[in-house]
There are 4 protein chains.
Amino acid sequence: MKNEKNVTATIGHFIDGRHVLDTARTQPVFDPATGLSHKSVALASKATVEQAIASAQAAFPAWRNTPPLKRARVMSRLKILLEENADQIAALITAEHGKVLSDAHGEVQRGIENVEYASYAPELLKGEHSRNVGPSIDTWSEFQALGVCAGITPFNFPAMVPLWMWPMAVACGNTFVLKPSERDPSSVLRIAELALQAGLPPGVLNVVNGDKEAVDTLLTDPRVKAVSFVGSTPIAASIYATGCAHGKRVQALGGAKNHAIVMSDADIDNAVSALMGAAFGSCGERCMAIPLVLAVGDVAADAVIAGLKAEMAQMRVGPGTNNANHMGPLVTQQHFEKVKGYVDQGVAEGATLVVDGRGLQVAGHEKGYFLGACLFDNVKPGMRIYQEEIFGPVLGVVRVKTLQEAMDLIDAHEYGNGTCIFTRDGEAARYFSDHIEVGMVGINVPLPVPVAYHSFGGWKRSLFGDLGAYGPDAMRFYTKRKTITQRWPSAGVREGAVFNFPSHR
Amino acid sequence: MKNEKNVTATIGHFIDGRHVLDTARTQPVFDPATGLSHKSVALASKATVEQAIASAQAAFPAWRNTPPLKRARVMSRLKILLEENADQIAALITAEHGKVLSDAHGEVQRGIENVEYASYAPELLKGEHSRNVGPSIDTWSEFQALGVCAGITPFNFPAMVPLWMWPMAVACGNTFVLKPSERDPSSVLRIAELALQAGLPPGVLNVVNGDKEAVDTLLTDPRVKAVSFVGSTPIAASIYATGCAHGKRVQALGGAKNHAIVMSDADIDNAVSALMGAAFGSCGERCMAIPLVLAVGDVAADAVIAGLKAEMAQMRVGPGTNNANHMGPLVTQQHFEKVKGYVDQGVAEGATLVVDGRGLQVAGHEKGYFLGACLFDNVKPGMRIYQEEIFGPVLGVVRVKTLQEAMDLIDAHEYGNGTCIFTRDGEAARYFSDHIEVGMVGINVPLPVPVAYHSFGGWKRSLFGDLGAYGPDAMRFYTKRKTITQRWPSAGVREGAVFNFPSHR
Amino acid sequence: MKNEKNVTATIGHFIDGRHVLDTARTQPVFDPATGLSHKSVALASKATVEQAIASAQAAFPAWRNTPPLKRARVMSRLKILLEENADQIAALITAEHGKVLSDAHGEVQRGIENVEYASYAPELLKGEHSRNVGPSIDTWSEFQALGVCAGITPFNFPAMVPLWMWPMAVACGNTFVLKPSERDPSSVLRIAELALQAGLPPGVLNVVNGDKEAVDTLLTDPRVKAVSFVGSTPIAASIYATGCAHGKRVQALGGAKNHAIVMSDADIDNAVSALMGAAFGSCGERCMAIPLVLAVGDVAADAVIAGLKAEMAQMRVGPGTNNANHMGPLVTQQHFEKVKGYVDQGVAEGATLVVDGRGLQVAGHEKGYFLGACLFDNVKPGMRIYQEEIFGPVLGVVRVKTLQEAMDLIDAHEYGNGTCIFTRDGEAARYFSDHIEVGMVGINVPLPVPVAYHSFGGWKRSLFGDLGAYGPDAMRFYTKRKTITQRWPSAGVREGAVFNFPSHR
Amino acid sequence: MKNEKNVTATIGHFIDGRHVLDTARTQPVFDPATGLSHKSVALASKATVEQAIASAQAAFPAWRNTPPLKRARVMSRLKILLEENADQIAALITAEHGKVLSDAHGEVQRGIENVEYASYAPELLKGEHSRNVGPSIDTWSEFQALGVCAGITPFNFPAMVPLWMWPMAVACGNTFVLKPSERDPSSVLRIAELALQAGLPPGVLNVVNGDKEAVDTLLTDPRVKAVSFVGSTPIAASIYATGCAHGKRVQALGGAKNHAIVMSDADIDNAVSALMGAAFGSCGERCMAIPLVLAVGDVAADAVIAGLKAEMAQMRVGPGTNNANHMGPLVTQQHFEKVKGYVDQGVAEGATLVVDGRGLQVAGHEKGYFLGACLFDNVKPGMRIYQEEIFGPVLGVVRVKTLQEAMDLIDAHEYGNGTCIFTRDGEAARYFSDHIEVGMVGINVPLPVPVAYHSFGGWKRSLFGDLGAYGPDAMRFYTKRKTITQRWPSAGVREGAVFNFPSHR
């Protein structure tokens, strides 16, 4: 490690508008396509995190008093800068996360949409005004900033998930400390620089890289008023419990195991094509990926499997820097082993491995973390590949007899992030979307990630908290309601009693 | 105790539309005006609470599917029944809580307003619909019910605070288990009967009386999805931590120490009159009471104190059943001792006791928990009577030199529930309401409790959670957002390709 | 006629909370089931209408200052009174309009829902508040009442259409002059009495019966700020032009010719059953009736016609006082002749008269205006029975080949009030509802009258104006926006400069 | 004139993305600072206007189907282009209108804010969705585009007022024909070019220059669905009547005579400074200018007049191209004569002319239309300078005794566009803003023009129509509500009855 440090650049933090290095502890950052590391990331100490919090705290009063329109315009300018720098940001994502460049571009684009929504702040922050709640008494509400907010984000969307959080938080008048994933920290730092360039005052957005020490500091420091988290469910549950125990408001988004239902009347070609992207895009390392298909009836099941097999045979896997590839490597060696282990496990549990991607070798990238796409038939509830979030390119088909059976399976599952149905039938779609215990529902839409002007949020153990990420819910999460009730006493000035008052001029 | 049981009625629970008695453990309920107990209340076992939860769980599917308009109409009918039965409900409150009847009527009236707001459910539950989020893709949101919700409520507003919670919860399609205060449980049970009479199906609202065992069951049972709490801050903090650690959404409203600022330009007569009610109404046992006055300048301070002394000399204290009294007894002997102890402490700490209510005797009610109203001058930050919530008829005046000094004191205090300012000056009022770190602000309004169509919520350690009680926040708290994204595949039916389709008829 | 007058009661006006008779001109009111008249209605002179306007003008200032919650509660009480008096009101409708009692009850119920929505006024009237539109500058909007508003309503829903208008208008703080149809004026007068009983102050709602003289007075009097009209399109266009030329805001709802599309995949039994009610309910005298079916493909057409024939054979026509009847008489002898003439015309133009209701005789009611239900096949665009609003029990089937052809026909028609499609196919429904040039669209719902918490409004020549009737649009129509921008000059009071100010006390 | 034409450029129209010249009729465009004309403007024939309407009509279907987010992004790009080209646009304004460059820049900036608001379209266009309006029946609303909309705008804000209209109209999915003032048409044409550059498809925005012929064509052509107008009240009334008589929705903003009240407790220095800008900025050629001061009490009146005299003595009047000038010329020779005539009239009617600007000569610009600022004392209601809109740099002071007298004067005036009060007193401000019959109210804000995210609209004869310009009202004006009610018949697909359906694949 020591040697490596000598030749690598070290990625630090971004505090109070400046890059800050704190190299007591570092950790290598790898290129998943090669398995090599040429840079490392600093892991912030408690003191460094507290410095970031202090910076945010100091920046708060002036930023909070900045009119919403001015705050919004910083977001408008950032939007343009992100568009102008999208290539560079996408390249940073691919280099550290591994996903294909076009996919990284897509991620940046979705992130930009959140910045765009934050630029609507003057509209979003409108309070409610009631004249005459009683005789000559008025009441109105204002949505005021909380103070210092924190975000803790995962490796799989290193640029986008932070953009779900801090733009809305700062547009609402808060200041922010972001702790991104230490696996792929570079894109977010670049974006922080662009935010400064767009006019965000120093200290309004701070970035600290780190591990548990940083997280624990953010969760317990009394100056931090709110925490947004995206990651796995066990960590989300813990973050929620710890943050709440320290009196903060917390929204903690966890894992998923999204099921797609294919009905017998579906347009199967369309469904297969949609499932390919939903299952294998970004190697399945998405909380909105579709790792399970519930095919209703064997006719549908056979057709779906036949279609998938045919399309999977055409897949190209290789370094993400080549846009001709459909899929890049998994994020780390460790994760590669874990996903591969799930495939082994699925075979052991009796599911039918229709397409086996385990043997894949990418020429010239033998040390990269590449796993070919895998397809299971006859997956059953209770199998670990059914119950657990694999976060890899492994798609399983479960055969069911009716829509109700499919819905009962989905409702029985621990997670409730996203789901979708493929059908032509209005009633099937409406019955499904009304009753299913899942927060984001697609009807012939495989990845029902809401657009930026709606909100993202799963149900059951996929989200802890009351309010979703981004969109209208984010405005509410990042503000506290203040309600003012006003009555004026009968006035001398109006009635002429103090007519000669202005003697002090 | 045994003897007493023989002569007292025992107040039980209300589960699945029926009164249920569970007398393994009971506790006497006292009349604070006499110090006597003629009834006792059952303390629910874990099993009884679970029975209530099961009832609510069973009632949920049908109630959730009932159109919002029909749910709202139950609220409309309940509103009428509450108006018709207001005298009886107020009498039950006074008999167990002690407050003056007219004050109990006021409480019922405020509760009715919450029922009224819940009757707007069809309007409040509207989701957002976006056509063409992409070509021929639509997205909309629905605010769906959570399932079983729970409420835990305090003694000081035995009818009103429950009505902050369950009407909105059930109007949103949830079912409910309420654990009211065991000090004064009768009014809420009567209201539960009326709700049934208004058409609320059995099991939609359940009431369990109890203590920590009941609370712990509600906080940990996985079938309970949300918890609303009103009480003291230490308990609120604990409820929030425990409920969140069990994956629930929680809103926990705690204590308060509300300051009123009196500016030198205020209408002093008006301010004094307002402070009398705000400080001593319901014996100060209100989380929106005003126990502290910050008088800006000695001129204002002297005038306020002179005014208060004069009005306090006219106060009548006695049993709440007599509407001619301004103030009734405190709620329990134990609480009487505690409040009296605070007055002793204030004297010991050096505040000037201008009016001493400690020696009060109410003829014919010598065992009642009556304490006369007390007024302190020269209260200082740091004194226990400044820092802590007394919840009794004790008003303290703090002398400050400027509005800014007054605001700094308020912001430095642990609580941030309500506050108010008395002034004629638009700029002073606006500067105050904009910057003060308190959730509910009055401008020449002593008790800025928002009307039912706005929301109730303090800041700092007065509320744990993201969303306030009742009003629009309650709609959001008692629902989870579901977002549907819909695209239809190009259709045979529309294009005529499957023209002969309906052969299956 | 002279003799008849001697024995009849005369229906007058309701002004300033009192019944007012103005018998210079009267007109008989008939019972359509018998063709007899036992009462007449006064036709208001210009002076009488001006008296009503003056009453409304005088009542305005106090009513406008009444808090919205208090205004809303009048609506809540009225709702209850309407429910309690529904039988009587329905009987009045049936006696003068002819519709079957159960249908009259349905009308009253829909009207009550509008009163219910008006009772949400405190929520609906909330304005928008923006803190810091600039440094220390706030802006908010209030939706303030207009003053005197007028409504002019048709015979076909004598109770409901007025309830679309004045409850929202007065809940918003306006006062009102209503001119109902002189054919069936009694139900609305009874409702006006109930409104007074519910607590509406005298003068807030006034009713004048009359004809063109009354209408012209309302349209030109400068004290009238807004006019709502429902009637035929030529009159609506004229009302809109005249009212606007006199500087008023006007919403004028006109005629309709609503088409139902039946797709080949529809549930035909369901569609037929829905069409029976939509075509023949209330004799087709509804602006949301379905007088035209566009059957896509001959298979669908033949099935629909077979189904309709079978159901029409079971129809019972007779006096509306007998709930066993499906259909009562037409409203007047003149209208009977007109509708019958359309049937003759359809035969002459070459449409196939499948079911002929012209010969119907109702035993014991030979002078009643009864016409049996008629069904045409092979109706074609261009025929008068296709182009014009018949407002009678005449249903025509047009055979088309594709959904697009059906939609082109609908879009080419003068009217655009309502339409519906019967299909199981999500894409057909979505394509239809997105693109069709009609304001109210049903998907498997034959009469897509929006519920009271949405708004009613056709497109094209079915509505003149920007805003629809009832629901959220009505709130906007009956209020004008006031926008306040506020900044306070740096204050002596806050800064201590005028510390000794309150010397004037 | 003929000679002049030879040397001048002719300003044409902008239709379907191209400049179009139609020189049958032209009119010279003058530089008000020099009185010279070097260019002329084409006056569109009916045929040319119809060509523009046809272009807009043709562009509508595709633009209406473009997702709102994409339409909004054109606005975002336009915003940037306007910022980049602001100098050029401001110079065009100054050259043709005469206002000082910094003021022209201010106008451009306010216009940009409207473009910014239009870029929030995805949020603004959200409809309302109600699940279960009945069992398994859903209702939602969509705000759909109208089609071709038209705008007719005045000379005084040649860039800004058009930007109040067409950006919101096109963001809502409409296409547009704009007829700007023929006095200063260049800036709007430049902006149209920039819109094209920003990605607005050809035909979505068309500009035609012209006179009554163009206006009449727009008001009567059935393809035009909505008309927005800003100008004088007589024309506005006529536009409203004519447009409405042709079945269109119309909003017509007319004249103003805005009063400022100065209370005795006001910060007089602040008020005087505010009044200078509000009265004389842009030569008073603003519908939100303040031409009248109501001073409450002689103390206030004397102080205000003394302050104004002092400041007016420092005013610099000269060509708008020099930012050191406070005021430029009036717009035309004709308007100069008219304004000067009002000053003569005021003297004749007995008002006291405290400052007389009539003799002003600007060296080197002797033919420019320069008039010095004028101040009247003792203006009285009934004088023409009190009653009529002068639209020039003439400020009158009316002396009143009480706030109520001041408010009665304002309410008695024909216009109700804007007004303001200068006071420190909360109650005076609230009483004023609540009761005054004026649509836009300032509290210590002289020009209460609402920010772009609120709406602009006067009352009384200052606005004809229901809905104001820009902001939320504009979204509603430029869309029509469509309400869909949907129920799906019990489905074979869901219940498995048509399990073998997909045989057509």
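Residues numbered from 1 in each chain as written. Chains lettered and ligands numbered in written order. Predicted model: local features only at pLDDT ≥ 70, side-chain atom pairs only at ≥ 80, totals over all residues. Heavy atoms only, no water.

Chemist: Any chance you could explain the interface of chain C and chain B here in plain terms?
Modeler: Listed by partner, the interface residues are 54 residues for chain C and 54 residues for chain B. Interface area for chain C against chain B, summed over the two sides, is near 4600 Å², with a carbon-plus-sulfur share of 56%. Linking chain C with chain B are eight salt bridges, by the criterion used here. Note that Arg73 of chain C and Glu113 of chain B form a salt bridge whose closest N and O atoms lie 3.9 Å from each other. Our count for the contact surface shared by chain C and chain B stands at twelve residue pairs in polar contact (both at pLDDT 80 or more). Looking at the side of chain C that touches chain B, the element that brings in the most residues is helix α16 (residues 426-435) of chain C, giving six residues. (Contact = heavy atoms within 4.5 Å. Buried area = accessible area lost by both parts, 1.4 Å probe. Salt bridge = Lys/Arg side-chain N within 4 Å of Asp/Glu carboxyl O. Polar contact = N/O pair within 3.5 Å; in protein donor to acceptor, adjacent residues only side chain to side chain. Helix = DSSP H or I, 4+ residues; strand = E, 2+ residues; numbered from the N terminus.)

Chemist: What's the story with the relation of the copies chain C and chain B in this structure? I'm lost.
Modeler: Superposition of the two copies of the chain requires a rotation about an axis and a shift along the axis. Once chain C is rotated about the relating axis by 180° and shifted along it by 0.0 Å, it coincides with chain B to within an RMSD of 0.0 Å. Such values leave the two copies arranged in the relation of a two-fold axis. Relative to the rotation axis, the closest C-alpha in chain C is found at Tyr120 of chain C, a distance of 3.0 Å. Both copies contact each other with a shared surface, as 100% of the interface residues of chain C are interface residues in chain B too. (Least-squares fit on C-alpha atoms with pLDDT ≥ 70 in both.)

Chemist: Whenever I open this one, the interface of chain A and chain B confuses me. Can you help?
Modeler: For an interface, size is often stated in terms of accessible area lost upon the parts coming together. Contacts between the two partners involve 63 residues from chain A, matched on the other side by 63 residues from chain B. When the buried area of chain A at its contact with chain B is split by residue, His454, Trp459 and Asp466 of chain A rank highest and sum to 13% of it. Counting the contacts that link chain A with chain B gives eight salt bridges. Salt-bridge contacts for Lys480 of chain A lead to Glu437 of chain B; the nearest nitrogen and oxygen are separated by 3.1 Å. When contributions to the side of chain A that touches chain B are tallied by element, the ones reaching two or more residues are α2 (46-65), β6 (127-134), β7 (137-145), α10 (233-245), α16 (426-435), β20 (440-443), α17 (471-477) and β23 (479-487) of chain A. The leading source of residues in the side of chain A that touches chain B is β23 of chain A, at eight residues. Of the residues contributing to the side of chain A that touches chain B, the split by class is 26 nonpolar, 21 polar and 16 charged. (Nonpolar A, V, L, I, M, F, W, Y, C, P; charged D, E, K, R; others polar.)

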